Amino acid sequence: MEVILKDGVRKKYEQPMAIIDIAKDISEGLARMACAAELDGEVVDLRTEIDGEHQLNILTFDSEGGKAAYRHTASHVLAQAVKRLYPEAKCAIGPSIEDGFYYDFDMESLDREALDKIEKEIKKVIKEGAVLERFTLPRAEAIEFMKEREEPYKVELIEDLPEDAEISFYRQGEFVDLCAGPHLMTTKPLKAVKLISSSGAYWRGNEKNKMLTRIYGTAFTKKADLDAYLEHLEDIKKRDHNKLGRELELFTTVDVIGQGLPLLMPKGVQVIQTLQRWIEDEEEKRGYMRTKTPLMAKSDLYKISGHWEHYKEGMFVLGDEEKDKEVFALRPMTCPFQYYVYKASQKSYRDLPCRYGETSTLFRNEESGEMHGLTRVRQFTISEGHLIVRPDQMVSEFKDCIALARYCLQTLGVEEDVTYHLSKWDADNREKYIGEPEVWEATEESIRQILIELDIPFTEDVGEAAFYGPKVDINAKNVYGKEDTMITIQWDALLAEQFDMYYIDEKGDKVRPYIIHRTSMGCYERTLAWLIEKYAGAFPTWLSPEQVRVLPISEKYIDYAAKVEDELKANGIRCSLDNRSEKIGYKIREARLQKTPYMLVVGQKEEEDGVVSVRSRFRGDEGQQPLEQFINDICKEIRTKEIRQVELEAEA
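As the structure is a prediction and not an experimental result, all values here were calculated from the model.

### Quick word on the pattern of salt bridges
Inspection of every chain in the model, using the stated rule, returns 51 salt bridges. Among the salt bridges present, the one from Glu121 reaches Lys124, with a minimum N-O distance of 3.8 Å. In this pair, Glu121 and Lys124 are both assigned in helix H4 (residues 112-128), three residues apart and thus about one turn of the helix distant. Classification of Glu121 by relative accessible area gives buried; the value is 11%. The salt bridge involving Arg376 is made with Asp484; its shortest N-O contact spans 3.7 Å. Residue Arg376 is located in the loop between strand E22 (354-363) and strand E23 (379-389), and its partner Asp484 is located in strand E27 (residues 483-492); the two are separated by 108 residues in the primary sequence. Judged by its relative accessible area of 5%, Asp484 falls in the buried class.

### As for the sheet that holds strand E19 (residues 296-298)
The three strands lie next to each other as E19-E21-E20, forming an open sheet whose pairing is antiparallel. Each edge of the sheet is formed by a strand with only one pairing partner; in this case those strands are E19 and strand E20 (317-318). By the bridge criterion, two bridges tie E20 to strand E21 (residues 328-330) in an arrangement that is antiparallel. Along E21, the bridge assignment pairs Leu318 with Phe328.

### Things to note about the nonpolar core
Among the nonpolar cores identified, the biggest contains 71 residues, and Leu275 and Leu568 are the most heavily contacted of them. With nine residues, the single largest contributor to this core is helix H13 (residues 394-412). Aside from chain neighbours lying at most four places away, what touches Leu275 is Leu412, Met521, Tyr524, Thr527, Leu531, Trp542 and Leu543. In this structure, Phe61, Leu110, Leu226 and Ile236 belong to the second largest nonpolar core, which totals 40 residues.

### Considering the sheet that holds strand E1 (residues 2-5)
Sheet architecture is open: five strands sit in the order E2-E1-E7-E4-E5, paired in mixed fashion. On the outer flanks of this sheet lie strand E2 (10-12) and strand E5 (42-44), each paired with one strand and no other. Strand-to-strand, the axes of this sheet are offset by a mean angle of 35 degrees, without reference to chain direction. Sheet analysis places E1 next to E2, joined by three bridges and oriented antiparallel. By the bridge assignment, Glu2 is partnered in E2 with Lys12. Across the sheet, helix H1 (residues 19-26) is in contact with E1, E2, strand E4 (36-39), E5 and strand E7 (53-59); its angle to E7 comes to roughly 75 degrees.

### Describing the packing of helix H9 (residues 266-285) against H13
Contact geometry for H9 and H13: axes closest at 12 Å, N-to-C directions at 145 degrees. Crossing geometry of H9 relative to H13 is assigned as right-handed. The residues of H13 that touch H9, namely those facing Leu275, Trp278, Ile279, Glu282 and Glu283, are Leu404, Tyr407, Cys408, Thr411 and Leu412. When grouped by side-chain class, the residues that make up the contact of H9 with H13 number seven nonpolar, one polar and two charged.

### Digging into the side chain of Gln625
Tracing the chain through its elements places Gln625 in strand E35 (residues 620-626). With a relative accessible area of 10%, Gln625 lands in the buried category.

### Describing helix H20 (residues 627-639)
A rise of 1.5 Å per residue sets the reference length of H20, with its 13 residues, at 18 Å; its end C-alpha atoms lie 18 Å apart and thus fit the reference within 8%. Listed as buried for H20 are Leu627, Phe630, Ile631, Ile634, Glu637 and Ile638. One face of H20 carries all of its buried residues, which in axial projection span an arc of 130 degrees. Residues Glu628, Lys636 and Arg639 are exposed on H20 and point more than 90 degrees away from its buried face. Where H20 is buried, its residues touch strand E31 (548-552), helix H17 (558-570), strand E33 (598-602), strand E34 (611-616) and E35. Downstream of H20 by one or two residues, Lys641 has phi in the positive range, about 55 degrees.

### Observations concerning the packing of H13 against helix H14 (residues 437-453)
Interhelical geometry of H13 versus H14 gives an angle of 55 degrees and a closest axis separation of 11 Å. Taken together, the axes of H13 and H14 are oblique relative to one another. Crossing handedness for the pair H13 and H14: right-handed. On the side of H13, the interface is formed by Val395, Phe398, Lys399 and Ile402, while H14 contributes Ile447, Ile450, Leu451 and Glu453. Across the contact of H13 with H14, the residue classes break down as six nonpolar, no polar and two charged.

### Topic: helix H5 (residues 139-148)
Along H5, the residues classified as buried are Arg139, Ala142, Ile143, Phe145 and Met146. Seen along its axis, H5 keeps its buried residues to an arc of 160 degrees; they face one direction. Exposed and facing more than 90 degrees away from the buried side of H5 are Ala140 and Glu148. Considering only its buried residues, H5 is in contact with strand E11 (133-138), helix H6 (152-159), strand E12 (166-172) and strand E13 (175-178).

Cut-offs and rules
- Residues numbered from 1 in each chain as written.
- Predicted model: local features only at pLDDT ≥ 70, side-chain atom pairs only at ≥ 80, totals over all residues.
- Heavy atoms only, no water.
- Salt bridge = Lys/Arg side-chain N within 4 Å of Asp/Glu carboxyl O.
- Helix = DSSP H or I, 4+ residues; strand = E, 2+ residues; numbered from the N terminus.
- Buried < 20%, exposed > 50% of the residue type's maximum accessible area, 1.4 Å probe, protein only.
- Pairing = 2+ DSSP bridges.
- Core = buried A, V, L, I, M, F, W, Y, C linked by side-chain atoms within 4.5 Å.
- Contact = heavy atoms within 4.5 Å.
- Axes fitted to C-alpha atoms, helices over the stretch in contact; angles between N-to-C directions.
- Left-handed = near helix turned anticlockwise from the far one by under 90°.
- Nonpolar A, V, L, I, M, F, W, Y, C, P; charged D, E, K, R; others polar.
- Expected span 1.5 Å × (residues − 1).
- Arc of directions from axis to C-beta.
- Parallel < 35°, antiparallel > 145°, perpendicular 65-115°, else oblique.

Right, here's the structure in full:
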């Protein structure tokens, strides 16, 4: 038997060996640090016995596979502790996740005091240092085994497996769990384990199923690393758009209005309005024509497009097809509407490309478990556009759409935070898509070559394409690490046929155009959430709902302060006057809490000299300036959409 290690070193053995024993042979220190192994590219348990020739990489906590095994073991320790303290609790699932682990239980909800109690029990379990033993059972025996232990969720999971499946379990002390592994050899290596929070979670993520109690935790090999992570979590809480957006009065939600239907407050509307005007102006510069189309349509329209067949479950349908002559649906997209704008008059090859843009309010029937603040809602507005182009224009126009998206990301200061994805069809799931395989392969290859030519790093995601074509998805993670799509650019070589769209070519023949579905900045609500978290609510000056606050030192200087305010407003600067009879220090603190970029303090000297004392988020006290100079400087900052680096450092 021979193994080839990561560094190319070959180790030969006369008989089959468990991976943990190979690790010990290499180094006792390595064996102590080992969490799992990578065998021929697959992460496996250290208990795995191997024979023959294999590529072998021993995984420590420093690797993703090692972290996953370490934290997966911590989730089992959590379950053991919960079962000791709450014997009536039923175990569901408990995987490792990117920054830790969770476990779902059918039990009462838990407060912080209960989590602390479980944490103490976890420490006892770890101290016992139980060996984790893996064993397997045939499917029928496994079902009976879990029925005897009164674990109905485990029984359901096993029943979903094939009849001939061999089911694996791990035992540690008195606790046994259904699990594929891998796991640590014992609980001893677990050092810094912390329970973070508890929340509700539907069994199998389905809102029709029972709500379970999910306990989130994390685990590290060093307390210092845990402390750093907990500090990171505190920063996340400060940046969480759900919390910060309400504190800054940007948006709110109300139960009687409905989940996924946020109320944008005046300050939030101001930010979105600024973004919208900027995007619409940019699109107009690039040759886009504005349209305004209905918020709903008859089902007939969606049947032509294919959305009725492929997307009906995600739509809000008004009416009953069996009872009503006409059934309507709120629009989940604008493309079919803009196609009929195109079809309203005959087009020649000289008229193309036709670039249609619309600030579109859309509706999607998201499941309640998917709702989250402004990032996942049921009504939202996007910078939507559709380009109807000749086939020979497709590559150039697609590149221009990517260029516009990148310009938007650069201007917002978030370009470094995104990843690019080529979202492809799944050839094994043909019923999900329209069109022939050769069309999909050709269009995917075209996008692939565009991204390569533009030197944009990207990954390829199978099964993420729209039902009518592949796309480029530009994604970003929120503060909790969940990835969302911010901007989409789709290649469509199919829907023109379904809508009988054509243009007249130079020979006088009817020719089908291609279509690009795209957003320039994406969903305004989701972008607002992204920017709140990116800047911790301290937006760049050009986006700030309040750019300047004028602060008179006392009531005697309110008249001068009002003149300053009037002059600022006359120059298009968003500002307010704080004329309350409060001390100036209190007013400054209030303005800072509201993330106002600039404060202009005025008193006797400022009034006499016709100046203002400038305080900013960036450098604190910036001294006195003539009002005209301050106005010129801030107007330039707003016009150029400058993002001051000092601001980012100060607010980080």
